Amino acid sequence: MAKPHVALEVGNDGVAVISMFNPPVNALALPIIAGLKERFDEATRRNDVQAIVLTGKNGKFSGGFDIGVMQKVHQTGDISLVPDVSVDLVVNAIEDCKKPVVAAVEGLALGGGLELAMGCHARIVAPKTQLGLPELTLGVIPGFGGTQRLPRLVGLSKAIEMMLLSKPITSEEGKKLGLVDVIVSSQELLKVSRQSALDIKERRKPRMRSLHQTDKIGSLSEARELLTAARQQAKKTAPNMPQHQACLDVIEEGVVHGGYHGVLKEAKVFKELVLSDTSKGLIHVFFSQRATSKVPSVTDVGLKPTQIKKVAVIGGGLMGSGIATGLIMSNIYVVLKEINSDYLQKGIKMIEANVRGLVTRGKLTQNKADKALSMLKGVLDYSEFRDVDMVIEAVVESIPLKQKIFSEIEKVCPPYCILATNTSTIDLNKIGEKTSAQDRIIGAHFFSPAHIMPLLEIVRTGKTSAQVILDLMTVGKSIKKVPVVVGNCTGFAVNRTFFPYAQGAHILVNLGVDAFRIDKVISNFGLPMGPFQLQDLSGYGVAVAVGKEFANAFPDRTFLSPLVGLLIKSGRNGKNNGKGYYIYEKGSKPKPDPSVLPIIEESRRLTNIMPNGRPINVTDQEIVEMILFPVVNEACRVLDEGVVVRASDLDIASLLGMSFPSYRGGIVFWADMVGAKHIYKSLKKWSQLYGNFFKPSRYLEERASKGMLLSAPASSTRSRM
């Protein structure tokens, strides 16, 4: 395969076409950036070149700067690996070039790709091309002049929206805004771009240097007003992300002191942000999510996925209806089975409501919704199961019921059919105990609501075949989930890792800490809600059932809090009946319920763990640590037992399954940023004060004493994979 390179061809018309080649998206890797500088120098020097066209090979302009370079900076701490593109290339070589430069753009021009195009004197673009600056999603800001040129081309308000929301636009919208000069078909793109470059040379068209335009910026007072409003909004929507405020500061620098000043500040701030914890976390997530699709002995042994066309879902409750919705929206036929027609009708209505909701929110067209619903059939027996490719059981968490279903479906389904369960905690070996087709049994653990939450935990047993794992991974991707393959144990990877989360919160409450303060502190850390509001949302029945599973599996480190039982006794069931720790009224935000305080007091009296009967004093930081360090401790056990392929899989699972903040990189990545030594010392201290729940695991102790990262692969790790 040809290496990444930049080509230069000069035609008889005197136009040099400079083309970037770095499949699949012509990312601006270091050889491409160096090649662009050389080719622009050459084209500028050559007497036979009158004008220049910049383009990308294979129908794409450029997807932007090579993120791998930033990953290398994070690994080495060497910021000099980031080349000077903004001034050296975009300003000096392109924008200030004595010969006209026209960008011929198709497919996509994102990030650094769009920034190169904006440095050119005109942009000729193919239809439906994606144009955008998504750098803030990686914890940085546009670094090749984008913060200065975009406002000058599309206006300040639209530019702020495109950058802060990382929201791309199409070439058609770009034309209306002034980002695109002409839209032409892909076939005509180079011809029209060459002509446009010659027209600028002959002064038939103006040479526009976007860095020097000011007509779309508006007055200084208007600009400051827009920037102030944007700052307030970013404080609300992205409170822990420094790149949003930094981006607005850099835009303001250019508005006040001129574009070139803005470019210089942008380059400096870009380099500072590349080294920030936020950027480290988000770039770790970017690469880790891609790594989840590599599973040793499954994806690397030459297997081809089987096409799954028809799936049976058993159980039409909240989970079953959500799973069925996801499948029919991806053109997979679904047979939904229930035990009676009332339950079946309820299930079908829930699926219809899910699909209607997506239409209302503009996520689905009416035609696609009708097509999806036509792929659903409700049944009360197994007669339709004779030709299904996969069954997903989604009934209540009862071992005898699941065992009965599995022995029934084994008899009625074809011999190649995948037998999957959506259990969230039960050991798969127990479910498949009475089934002989052990190699076809697999866990397909969706998170609620199943048609929206992006994670699919694929649980393998020691006997699950590689083909079955690959086929379920393929289905997961086709229904737009991120599949993470995990080993079999109580709670699997996500629920097992996070079972201490609620328990840590209950210990703190019983030690005298205010429950609403705990929720606020955890929300400020970056989770969408605190542990008590989460319990209200998922319902107390779930908390009790899951609590029992974990108490049986891990009795040495389970804290049995009487609080949920007391809440149920007082007639509360969280959001389900509008009363929990919070009061839930239609149309208003949940409000802390002061009448829950006597119930909490009763729980404290029963547990009697407050030192000398007095509430403990803790800082906000200690609250975060007392709740999340036990989660890290359990993550260490999950890593030690080989429940996940790699530590970064657990990071992705924590983001997508538990909504751990992505800018913190995931539970293990965050723990490594905090440091194993500090986590170990803290847990050891609390275990001496408050008991075994906090006792550090062997893995954590070992890593802390050796100064090793928790995420570093271990040669001696046992494996459940």
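Residues numbered from 1 in each chain as written. Predicted model: local features only at pLDDT ≥ 70, side-chain atom pairs only at ≥ 80, totals over all residues. Heavy atoms only, no water.

You'll find the protein entered in an unreviewed UniProt entry as 3-hydroxyacyl-CoA dehydrogenase, with Hevea brasiliensis given as the organism. UniProt annotates the protein under Subcellular location (unreviewed entry) with the comment "Peroxisome". Among the UniProt annotations of the protein, the heading Subunit (unreviewed entry) holds the following wording: "Monomer." (UniProt positions renumbered as here; feature names shortened; annotations may be inferred.)

J.: So what exactly am I meant to see when it comes to the overall build of the protein here?
T.: Scanning the protein for helices and strands turns up 29 helices and 19 strands. Its C-alpha atoms give the protein a radius of gyration of 29 Å, within 12% of the compact-globule value 27 Å for 721 residues. Along the three orthogonal principal directions, the C-alpha set of the protein runs to about 85 × 65 × 55 Å. Among the 721 residues that make up the protein, the fraction classed as buried is 56%. Within the protein, contacts between residues at least 6 apart in sequence are counted, and of these 73% link residues at least 24 apart. Surface accessibility of the protein: about 30,900 Å² in total, with carbon and sulfur atoms responsible for 54%. (Helix = DSSP H or I, 4+ residues; strand = E, 2+ residues; numbered from the N terminus. Rg over C-alpha atoms; globule rule 2.2 N^0.38 Å. Buried < 20%, exposed > 50% of the residue type's maximum accessible area, 1.4 Å probe, protein only. Contact = heavy atoms within 4.5 Å. Areas by Shrake-Rupley, 256 points an atom, 1.4 Å probe, with all protein chains shown as cover.)

J.: I tried to follow the pairing of strand 10 (residues 310-314) on my own but got confused; where do I start?
T.: Successive side chains on a regular strand alternate, one facing one side of the sheet and the next facing the other. With respect to burial, strand 10 is a largely interior element, five of its five residues being buried. Examined bridge by bridge, strand 10 and strand 11 (residues 333-337) share five bridges and lie parallel to one another. Residue pairing across strands places Lys-310 opposite Tyr-333, the latter belonging to strand 11. The β-α-β motif built from strand 10, the intervening helix 13 (residues 318-328) and the parallel element strand 11 has right-handed crossover chirality. Of the pairings in the sheet, the one linking strand 10 to strand 13 (residues 390-393) comprises four bridges and is parallel in character. Residue pairing across strands places Val-311 opposite Met-390, the latter belonging to strand 13. (Pairing = 2+ DSSP bridges. Right-handed = clockwise from strand over helix to strand, strands pointing away.)

J.: In this structure, what is going on with the side chain of Thr-435? I would like to understand it.
T.: Within the secondary structure layout, Thr-435 lies in the loop between helix 17 (428-431) and strand 15 (441-446). What makes Thr-435 buried here is its relative accessible area of 5%. Apart from residues no more than four positions distant in its own chain, Thr-435 is found in contact with Phe-406, Ser-407, Glu-410, Leu-419 and Ile-441.

J.: What am I meant to see in the sheet that holds strand 6 (residues 122-125) here?
T.: Paired through backbone hydrogen bonds, the strands of a sheet run either parallel or antiparallel to each other. Pairing within the open sheet is mixed, and its six strands lie in the order 1-2-3-4-6-9. Strands with a single pairing partner mark the edges of an open sheet, and in this sheet they are strand 1 (5-10) and strand 9 (182-183). Pairing of strand 2 (residues 15-21) with strand 3 (residues 51-56), which is carried by six bridges, proceeds in the parallel orientation. In the strand pairing of strand 3, Ile-18 is matched with Leu-54. Its contacts with the sheet place helix 1 (residues 30-45) against strand 1, strand 2, strand 3 and strand 4 (101-105), and it is angled at close to 20 degrees to strand 1. (Axes fitted to C-alpha atoms, helices over the stretch in contact; angles between N-to-C directions.)

J.: Where do I start with the state of the cysteines in this structure?
T.: What makes a disulfide is a covalent bond joining the sulfur atoms belonging to two cysteines. In the structure shown here, the tally under the stated rule is zero disulfides. No disulfide involves Cys-417; its nearest neighbouring cysteine sulfur is the one of Cys-413, lying 4.1 Å away. (Disulfide = S-S within 2.5 Å.)

J.: Would you mind going over the sheet that holds strand 8 (residues 169-170) with me for this structure?
T.: Reading across from one edge, 5-7-8 is the order of the three strands in this open sheet, with mixed pairing throughout. Across the chains shown, the open sheet's two edge strands, defined by having one partner strand only, are strand 5 (108-110) and strand 8. Both strand 7 (residues 130-132) and strand 8 contribute to a ladder of two bridges, which runs antiparallel. Paired with Gln-130 across the strands is Thr-170, a residue of strand 8. Seen against the sheet, helix 4 (residues 112-119) touches strand 5 and strand 7 and runs at an angle of roughly 95 degrees to strand 5.

J.: In this structure, what is going on with the pattern of salt bridges? I would like to understand it.
T.: Pairs can form between side chains of opposite charge once their charged atoms are near each other. Taken as a whole and assessed by the stated rule, the structure comprises 37 salt bridges. Between Asp-88 and Lys-37 there is a salt bridge, with its nearest N and O atoms 3.6 Å apart. Pair noted here: Asp-88 is in helix 3 (residues 86-95) and Lys-37 is in helix 1, with a separation of 51 residues, a long-range link. Taking the relative accessible area as the measure of exposure, Lys-37 reaches 24% and is therefore partly exposed. The shortest N-O distance in the salt bridge between Arg-224 and Glu-252 comes to 3.1 Å. Of the two residues, Arg-224 is situated in helix 9 (residues 220-237) and Glu-252 in helix 10 (residues 242-257); the sequence distance between them amounts to 28 residues. According to the relative accessible area criterion, Arg-224 is partly exposed, its value standing at 39%. You can call Glu-252 buried: its relative accessible area is 18%. Because the salt bridges share partners, they merge into one network encompassing Arg-496, Asp-556, Arg-557, Glu-634, Arg-637 and Glu-641. (Salt bridge = Lys/Arg side-chain N within 4 Å of Asp/Glu carboxyl O.)

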